Amino acid sequence: SDVPGAFTAVLVGHTGFGKSTLIDMIAGGVEVAKTSAGGKAETEETKCYAMDYLGNLNPNIQGRKWRLVDTPGSADTGGMDVRNQADMTAKLRSLGRLDAVLLVWKF
């Protein structure tokens with residue numbers, strides 16, 4: 001997803017902690033990332049989503065483009081961490097820049 005000037009962040013965290021749900025919230029409540037219920041793995045490969053920040057719902061914050069990278073959960077019971085890490089690294093390199101890493105954690 002090439003969006004010139006977009007704020008770019010990658011979301012990382014364990015399986016079922018809400019990375020995809022947070023992406024949907026940042027998009028203004030619009031479902032852009034497929035989510036799961038009950039802490040089960042849904043994201044199986046690194047994906048990039050481009051959106052307007054908060055869906056342009058706030059009249060004081062308009063036209064701010066975001067590019068969010070959704071990653072498979074770490075410590076996944078499927079044992080795919082090494083493959084997922086390589087896939088994530090390749091995707092991030094292809095984007096060219098990264099502004100932030102968002103750690104998604106449950107307490």
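Residues numbered from 1 in each chain as written. Predicted model: local features only at pLDDT ≥ 70, side-chain atom pairs only at ≥ 80, totals over all residues. Heavy atoms only, no water.

A. Layout of unusual backbone geometry. Even without a glycine there, the phi angle at Leu-54 is positive, about 55°. Checked against the element boundaries, Leu-54 lands in the loop between strand E2 (47–52) and strand E3 (65–70). With relative accessibility at 27%, the residue Leu-54 sits in the partly exposed group. Despite not being glycine, Asn-56 shows a phi value in the positive range, around 60°. With respect to the helices and strands, Asn-56 occurs in the loop between E2 and E3. (Helix = DSSP H or I, 4+ residues; strand = E, 2+ residues; numbered from the N terminus. Buried < 20%, exposed > 50% of the residue type's maximum accessible area, 1.4 Å probe, protein only.)

B. View of the confidence of the model for the protein. Averaged over every residue, the pLDDT of the protein is 81; residues scoring 70 or more account for 82%. The spread of mean pLDDT over the elements of the protein runs between helix H2 (residues 81–95), the lowest at 75, and strand E4 (residues 100–103), the highest at 93. (pLDDT = per-residue confidence, 0-100.)

C. Focus on the packing of aromatic side chains. Counted by the stated rule, this structure contains three aromatic pairs. Ring geometry for Phe-17 and Trp-105: centres 5.4 Å apart, planes at 90°, overall edge-to-face. Pair noted here: Phe-17 is in the loop between strand E1 (7–12) and helix H1 (19–26) and Trp-105 is in the segment after E4, with a separation of 88 residues, a long-range link. Classification of Trp-105 by relative accessible area gives partly exposed; the value is 45%. Plain terms: the ring middles of Tyr-53 and Trp-66 are 4.6 Å apart, the flat faces sit at 25° to each other, and that makes the pair stacked. With Tyr-53 in the loop between E2 and E3 and Trp-66 in strand E3, this residue pair connects regions lying 13 residues apart in the sequence. Exposure remark for Trp-66: the relative accessible area of 16% places this residue in the buried category. (Phe/Tyr/Trp six-rings, centres within 6.5 Å; stacked < 30°, edge-to-face > 60°.)

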